[in-house]
Amino acid sequence: MTPMSIPSNWQLDHIGIAVSSLDAALEQYETLLGTRHYGREHVDSQGVEVAFLDTSNARIELLAPLDPESSVAKFINKRGEGMHHTAFLVNDIQRELDRLITLGWDLIHPQPISGAHGKWVAFLHPRSAHGVLIELCSYKN
Ligand code: ZN
């Protein structure tokens, strides 16, 4: 598959930041961005509580672990708080996952799981993306 055939419908959706305390981080990020958060919810499939803040062209997602065994809790224990993932919105998440599997990419979720805000999400392994944990997301129909 040549680069010319790569779909151009990917949009940067959000940057995920792992935090220990969602309340403390929200206060700080609301001050930083001059806006209020929204969409605070527990995402049981990932053992986290999340909330979003808008910027003019993308969103920030703050994630705090609810479960010490969650991957976000392990991330914070190992590396401390900080940049956790970059998320792209795609039209057809399963088609993109199938395409990446064909190309030999290492996927954490070969099939989408239920994510925040009623979206489908799937993560690609950082070793396939030069150290970046990439999330794909799409709207459920
Ligand atoms: Zn995310």
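Numbering of residues starts from 1 in each chain and follows the order in which that chain's sequence is written. Restriction of local features to residues with pLDDT of at least 70 applies here, the model being predicted, together with a cutoff of 80 or more for giving and counting side-chain atom pairs; totals for whole chains, interfaces and linings are based on all residues. The basis for every side-chain value is the complete set of heavy atoms in the structure, and neither hydrogens nor water enter the calculation.

## Here's the deal with the packing of aromatic side chains
A pair of aromatic rings is counted whenever rings of Phe, Tyr or Trp (Trp by its six-membered ring) have centres within 6.5 Å, and the orientation is called stacked for planes under 30 degrees apart, edge-to-face for over 60 and tilted otherwise. For the structure on display, the rule yields two aromatic pairs. A ring is considered to have a charge above it if a Lys NZ or an Arg CZ atom is located within 6 Å of its centre and within 35 degrees of its normal. Between Arg 59 and the ring centre of Phe 52, over which it is positioned, the NZ or CZ distance is 4.4 Å. Sitting over the face of the ring of Trp 120, Lys 140 holds its NZ or CZ atom 4.4 Å from the ring centroid.

## Thoughts on the pattern of salt bridges
For salt bridges, the criterion is a side-chain nitrogen of Lys or Arg within 4 Å of an Asp or Glu carboxyl oxygen. Taken as a whole and judged by the stated rule, the model has nine salt bridges. The residue Glu 69 makes a salt bridge to Lys 74 at a minimum N-O spacing of 3.9 Å. Note on exposure labels: buried denotes an accessible area under 20% of the residue type's maximum, exposed denotes more than 50%, and partly exposed covers the range between, all computed with a 1.4 Å probe on protein chains only. Looking at Lys 74, the relative accessible area reads 45%, which means it is partly exposed. Each of Asp 13, Arg 59 and Lys 119 takes part in a single network of salt bridges with overlapping partners.

Just distances and angles here, no functional claims.
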